[in-house]
Amino acid sequence: MKKENLNREAIKVNNVKKSYKDVLALNNVSLSVNEGELFGLLGVNGAGKTTLIKILCGLTKKDFGHAEILGLDIDKDMEKIKSIVDLSPQETSIAPNLTVLENLKFFANIYQNYDQKYLNKIIEIFDLTDCLNKTAKKLSGGYQRRVSIACALISKPKILFLDEPTLGLDVIARRELWRVILKLKGQITIILTTHYLEEIEALCDRILIMSKGKVLAIGTSSEIKDSVKANNLEDAFVTIVKEDKHEKNVNLFE
């Protein structure tokens, strides 16, 4: 895998809206992601992170706005886009009764992209050598997620979407997966969604904070903290999200 530069836009989103009946899932979302960047989408559940990823992957359609992936229009060029992006969803997407190696080869055959040299690189990056002949269902949750992400890379995507990659993992498994993701940093454009603040800060070049379908802040961790004069990202996140809510104090005894 080659290192990418950070000078070209990989993703460009302008004023994208999406509603599900009476729920406004995305409200005029705009952002840009550079090629080779590890870009984080941070927000509580229901913020709109997964909806945005589904739109960019062609799994659902936007209602309004414009979006491009490597210069390709998502409305006009989605078939081409699907050949250069891949998604590792929240749910582990591997066959439980197949071995790790069989899972990797299965996805290689689906993509008609069997390249043993490339497959060996993936096995090395994800530290899968010792478990290649184990059935997936016998792996720990952390290793199952690791194999799932590895399978998403078999298609040699230029952009990889990781949707809550460490959801449900214990602290040790989460940190081990961080180590693997950091090996990919700069080699491929990665969009990572999470609601773990320490994960975003440990992994991402830049961060976008979302709440109720809106973009509230975008920048590096330091820039976001400085914008609200916070000492840490958690305080910055809470301040930014609370300011958006415009909460009123209520006197219980009036």
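Here, the structure is the one placed above.
Because the structure is predicted, anything quoted here is derived from the model rather than measured.

Engineer: Just to check I follow, could you spell out the packing of aromatic side chains for this structure?
Structural biologist: Centre distance and the angle of the planes are the two values used to describe a pair of aromatic rings. Evaluated as defined, the whole model comprises two aromatic pairs. On the numbers, 5.8 Å between centres and 85° between planes, the contact of phenylalanine 106 with phenylalanine 107 is edge-to-face. Note on phenylalanine 106: relative accessible area 41%, which makes it partly exposed. Phenylalanine 107 gets classed as buried once you look at its relative accessible area, which sits at 15%. Through a chain of ring-to-ring contacts, the aromatic side chains of Phe106, Phe107 and Tyr111 assemble into a single cluster.

Engineer: What is the right way to look at the packing of helix α3 (residues 100-110) against helix α5 (residues 141-152) in this model?
Structural biologist: Two numbers describe a pair of packed helices, the interaxial angle and the distance between the axes. Direction vectors running N to C along α3 and α5 enclose 25°, while the axes themselves pass 9 Å from each other. The pairing of α3 with α5 is recorded here as roughly parallel in orientation. Relative to α5, α3 is oriented so that their crossing is right-handed. Residue-level inspection shows Val100, Asn103, Leu104 and Phe107 of α3 in contact with α5, the latter providing Val147, Ala150 and Cys151. In the contact of α3 with α5, the residues fall into six nonpolar, one polar and no charged.

Engineer: Explanation requested: a nonpolar patch on the surface in the structure shown.
Structural biologist: Together, Phe106, Ile110 and Tyr111 line one region of the surface with nonpolar side chains, adding up to about 280 Å² of accessible area. You can see phenylalanine 106 is positioned in helix α3.

Engineer: What should I look at first to understand the sheet that holds strand β5 (residues 72-73) in this one?
Structural biologist: Neighbouring strands of a sheet are bound in pairs by backbone hydrogen bonds; such pairs are parallel or else antiparallel. With respect to topology, four strands assemble into an open sheet ordered β2-β1-β4-β5, the strand pairing being antiparallel. Two strands in the sheet have a free side with no partner beyond their single neighbour: β2 (23-34) and β5. Examined bridge by bridge, strand β4 (residues 64-69) and β5 share two bridges and lie antiparallel to one another. Directly across from isoleucine 69, in β5, lies its bridge partner leucine 72.

Engineer: Would you mind going over empty space enclosed by the protein with me for this structure?
Structural biologist: For the structure shown, the criterion picks out one cavity of 30 Å³ or more. Its volume calculated, the largest cavity comes out at about 30 Å³. Forming the walls of the largest cavity are Ala108, Asn113, Tyr114, Asp115, Tyr118, Leu119 and Ile154. Classifying every residue of the lining of the largest cavity by side-chain character gives five nonpolar, one polar and one charged.

Engineer: Sorry if this is basic, but what is going on with the nonpolar core here?
Structural biologist: Nonpolar side chains tend toward joint burial in soluble globular proteins. Leu104, Phe126, Leu128 and Ile209 are the most contacted members of the largest nonpolar core, which has 51 residues in total. Looking at which element gives the most residues to this core, the answer is helix α6 (residues 171-184), with six residues. If near-sequence neighbours (up to four positions away) are discounted, phenylalanine 126 is found in contact with Arg146, Ile149, Ala150, Leu153, Val180 and Leu184. Ranked by size, the runner-up nonpolar core spans 29 residues in total, among them Val33, Leu41, Leu70 and Met78.

What counts as what
- Residues numbered from 1 in each chain as written.
- Predicted model: local features only at pLDDT ≥ 70, side-chain atom pairs only at ≥ 80, totals over all residues.
- Heavy atoms only, no water.
- Phe/Tyr/Trp six-rings, centres within 6.5 Å; stacked < 30°, edge-to-face > 60°.
- Buried < 20%, exposed > 50% of the residue type's maximum accessible area, 1.4 Å probe, protein only.
- Axes fitted to C-alpha atoms, helices over the stretch in contact; angles between N-to-C directions.
- Helix = DSSP H or I, 4+ residues; strand = E, 2+ residues; numbered from the N terminus.
- Parallel < 35°, antiparallel > 145°, perpendicular 65-115°, else oblique.
- Left-handed = near helix turned anticlockwise from the far one by under 90°.
- Contact = heavy atoms within 4.5 Å.
- Nonpolar A, V, L, I, M, F, W, Y, C, P; charged D, E, K, R; others polar.
- Patch = residues over 30% accessible without salt bridge, like charges linked within 9 Å, V, L, I, M, F, W, Y side chains within 5 Å.
- Areas by Shrake-Rupley, 256 points an atom, 1.4 Å probe, with all protein chains shown as cover.
- Salt bridge = Lys/Arg side-chain N within 4 Å of Asp/Glu carboxyl O.
- Pairing = 2+ DSSP bridges.
- 1 Å grid on protein atoms, 1.4 Å probe; cavity = no way out; pocket = protein on both sides within 12 Å on 5 of 7 lines; lining within 4 Å.
- Points joined across faces, edges and corners; volume = space filled by probe spheres on them.
- Core = buried A, V, L, I, M, F, W, Y, C linked by side-chain atoms within 4.5 Å.

These figures come from the coordinates and say nothing about function on their own.
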